[in-house]
Amino acid sequence: MKFTEEHEWLRVEGDLVVVGITEHAAEQLGDVVFVDLPEVGTSVTKDDEVVVIESVKAASDILAPIDGEIVEVNEMLADEPGKVNDDPMGDAWFFKIKPEDLSQMDDYLDEAAYKALVG
Amino acid sequence: MADLHTTPLNALHRELGAKMVPFAGYDMPVQYPMGVMKEHLHCRARAGLFDVSHMGQVILRAPGGYAGAAEAMERLVPVDLLGLAEGRQRYGVFTNEAGGILDDLMIANRGDHIFVVVNAACKADDIAHMRAGLSGVEVEEIAGRALLALQGPAAEGVLAVLVPEVAAMRFMDVGVFGSAFGELWVSRSGYTGEDGYEISVTEGQAESLARTLLAHEDVAPIGLGARDSLRLEAGLCLYGHDIDTTTTPVEASLSWAIQKVRRAGGVRAGGFPGAARILTELAQGAPRARVGLRPEGRAPMREGTALFAAAEGGEAVGHVTSGGFGPTIEGPMSMGYVPRALGAEGTTIYAEVRGKRLAATVTALPFTPARFKR
């Protein structure tokens, strides 16, 4: 598993990459009340805004961590946005992306480096 | 952050694990470990304790006693103060010459003087405004007193153990009571739509009182985050957002706060800044109105979101002034200004959220029923 400095996690699953946010991010956001997911089939470039998370406090953007095509989104979050707080590293993934260049993941942090970042 | 003011409860907030943020020049708790959503629901179900010590407390004294102070103050607010009974308070607004709102405030008749509570961000300007506009009136900013709010259905039971007199108070009553925490200035009012009290206590006794209230199993500390969602569900205005110098009280749907004696045909009609415009709007209607909005989907429509009459095309007709998620109504909610023709309950309005026009329905305020003890 890899981590971005924007507090996203990326997990390789077959030929896809699953993306979510870390526990640290979920805690900082506060209670999530709405998740705006991208459409399946959307082509994204690294740093495109792909997901908007609304918490009781504010709206935050999730950026595409790598180039590729969104092939699946977690529809459960439309009805149960609170899952992002309950299980951010597991059930509450946001989308699966078919990467164009898996080596883009090399730029990101491993777990130890991410833990050092968030203290 | 070195320049931030602190309240007498600052150390207690930190001990309780609050996340602190700068607010109106004060270091204030935005949430405690419980989190905004649970704090909000706890306040509606049981009781919440809020530190509102950043707000301004001011006493107005005049040679003519209460009536003298009230007569003078009526020149600054479109409120019937001479008709306000002893031991009662009213909501009011300071208006400017253009009919806009300088601040909103609570005004109490305390027998031989007026007691007012104003917003933290406006208090220096408000005090200067009163000193300039109230000749012959002594304007005393109260230093050395904290202000707590205890809100929710359990508030009466909790506070009455310490101050038995509060049980008999009705909504918007005020009283001064002796207690184990010194003299308390209590009003039965608040900013949540719930029954409850606002309690002015000396700085030296504030933490002790707060700890005693928090020791009750029904009471949890509530931060600014839930304070905002509670007041928005209750349909209450936040100064600087829903009301400001560009909104008149009539546009802001606060006409109820202007009693008949201050309106055209009343015994003391007008006589406050901006009266010409405000009295005309009272008689003929204002061009726009503050309304409640319930978005159709789950996406919150936040402050600043543009509002449109149609799903496509056309210019913006208004904007959202407060918006978020209502934990009690379990959905998004907003307040905003729309043209009068679009202000009727049930009207569909469109809000542009991230480039998409989403439907919302004009809805009666409050979003949650008020539970005041009338």
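Residues numbered from 1 in each chain as written. Chains lettered and ligands numbered in written order. Predicted model: local features only at pLDDT ≥ 70, side-chain atom pairs only at ≥ 80, totals over all residues.

**Concerning the overall build of chain A**
Right, so step 1: A tally of regular secondary structure across chain A gives 4 helices and 9 strands.
Right, so step 2: Helices and strands in chain A line up, N terminus first, as β-β-β-α-β-β-β-β-β-α-α-β-α.
Right, so step 3: Its C-alpha atoms give chain A a radius of gyration of 13 Å, within 12% of the compact-globule value 14 Å for 119 residues.
Right, so step 4: By its C-alpha atoms, chain A is 35 × 35 × 20 Å across when sized along the principal axes.
Right, so step 5: Going through the 119 residues of chain A one by one, you find that 38% of them count as buried.
Right, so step 6: Long-range contacts, defined as pairs at least 24 residues apart, comprise 62% of the intrachain contacts of chain A with a sequence gap of at least 6. (Helix = DSSP H or I, 4+ residues; strand = E, 2+ residues; numbered from the N terminus. Rg over C-alpha atoms; globule rule 2.2 N^0.38 Å. Buried ≥ 20, exposed ≤ 12 C-beta atoms within 10 Å, placed from the backbone. Contact = placed C-beta atoms within 7 Å.)

**Regarding the environment of B:L150**
All names here are of chain B.
Right, so step 1: Within the secondary structure, L150 is located in strand β9 (residues 145-151).
Right, so step 2: Expressed as a C-alpha distance, the spacing of L150 and A210, which sit 60 residues apart in the sequence, is 9.6 Å.
Right, so step 3: Leave out the neighbours within four places in its chain, and L150 touches A47, L49, A155, V158, L159, G196, Y197, I199 and L213.

**Quick notes on the interface of chain B and chain A**
Right, so step 1: Listed per partner, the contact involves 12 residues of chain B and 10 residues of chain A.
Right, so step 2: Residue assignment for the side of chain B that touches chain A shows that the elements contributing at least two residues are α2 (36-45), α7 (224-233) and β16 (318-326) of chain B.
Right, so step 3: Per-class residue counts for the side of chain B that touches chain A are 5 nonpolar, 4 polar and 3 charged. (Nonpolar A, V, L, I, M, F, W, Y, C, P; charged D, E, K, R; others polar.)

**With respect to the pairing of strand β4 (residues 32-36) of chain A**
Residues and elements named next belong to chain A.
Right, so step 1: Summarising burial for β4: 5 of the 5 residues are buried, a large majority.
Right, so step 2: Relative to strand β6 (residues 49-55), β4 is paired through 4 bridges, and the arrangement is antiparallel. Counterpart to F34 in the pairing with β6 is E54. (Pairing = 2+ DSSP bridges.)

**A word on the sheet that holds strand β7 (residues 114-118) of chain B**
Residue and element names in this part refer to chain B.
Right, so step 1: With respect to topology, 5 strands assemble into an open sheet ordered β5-β6-β7-β4-β8, the strand pairing being antiparallel. The strands lining the two open edges of the sheet, one partner per strand, are β5 (89-95) and β8 (138-141). The sheet shows a mean angle of 30° between the axes of neighbouring strands, direction not considered.
Right, so step 2: Note: strand β4 (residues 56-61) against β8, 4 bridges, orientation antiparallel. For R61, the partnering residue across the bridge sits in β8 and is E138. (Axes fitted to C-alpha atoms, helices over the stretch in contact; angles between N-to-C directions.)

**Digging into the pairing of strand β2 (residues 26-31) of chain B**
Residue and element names in this part refer to chain B.
Right, so step 1: Pairing geometry for strand β1 (residues 19-23) and β2, over 5 bridges, is antiparallel. Considered in β2, the bridge of V21 is made with M28.
Right, so step 2: Connecting β1 to the antiparallel partner β2 that follows it, the hairpin turn spans 2 residues, and A24 within it adopts a positive phi of roughly 50°.

**Things to note about the packing of α2(B) against α7(B)**
All names here are of chain B.
Right, so step 1: Where α2 meets α7, the closest approach of the two axes is 8 Å, and the angle between their N-to-C directions is 55°. By the criterion of interaxial angle, the relationship of α2 to α7 is oblique. α7 is crossed by α2, and the crossing has right-handed handedness. Here V36, E39, H40 and C43 of α2 lie close against α7, whose contacting residues are G225, A226, S229 and L230.
Right, so step 2: Classifying every residue of the contact of α2 with α7 by side-chain character gives 4 nonpolar, 3 polar and 1 charged. (Parallel < 35°, antiparallel > 145°, perpendicular 65-115°, else oblique. Left-handed = near helix turned anticlockwise from the far one by under 90°.)

**Some remarks on unusual backbone geometry**
Right, so step 1: Geometrically, the link from B:L365 to B:P366 is a cis peptide bond, its omega value of 0° lying close to zero.
Right, so step 2: On the secondary structure map, B:P366 appears in the segment after β19 (356-363).
Right, so step 3: Of note in the backbone geometry, A:D47 takes a positive phi value of approximately 80° without being a glycine.
Right, so step 4: Following the sequence through the fold, A:D47 ends up in the loop between β5 (43-44) and β6.
Right, so step 5: Phi angles above zero are rare outside glycine, and B:R354 is one such case at about 50°.
Right, so step 6: Of note, B:R354 is situated in the loop between β18 (348-353) and β19.
Right, so step 7: When the 12 C-beta atoms within 10 Å are taken as the criterion, B:R354 is described as exposed.

**Section: the confidence of the model for chain A**
Right, so step 1: Averaged over all residues, the pLDDT of chain A is 95; the fraction at 70 or higher stands at 100%.
Right, so step 2: Element-level pLDDT for chain A is lowest in strand β7 (residues 59-63) of chain A, with a mean of 92, against a maximum mean of 98 in strand β8 (residues 68-73) of chain A. (pLDDT = per-residue confidence, 0-100.)

**Some details on helix α3 (residues 65-73) of chain B**
Right, so step 1: Among all positions of α3(B), only B:Y66, B:A69, B:A70, B:A72 and B:M73 are buried. Taken around the axis of α3(B), the buried residues stretch over an arc of 160°, which confines them to a single face. (Arc of directions from axis to C-beta.)

**Let's talk about the sheet that holds strand β9 (residues 95-99) of chain A**
Residue and element names in this part refer to chain A.
Right, so step 1: Strand order across the open sheet formed by 6 strands is β1-β2-β3-β9-β8-β5, with antiparallel pairing between neighbours. Each end of this open sheet is capped by a strand with a single partner; those strands are β1 (2-3) and β5.
Right, so step 2: As paired strands, strand β2 (residues 8-13) and strand β3 (residues 16-21) are joined by 6 bridges and run antiparallel to one another. The partner of R11 across the bridge, within β3, is V18.

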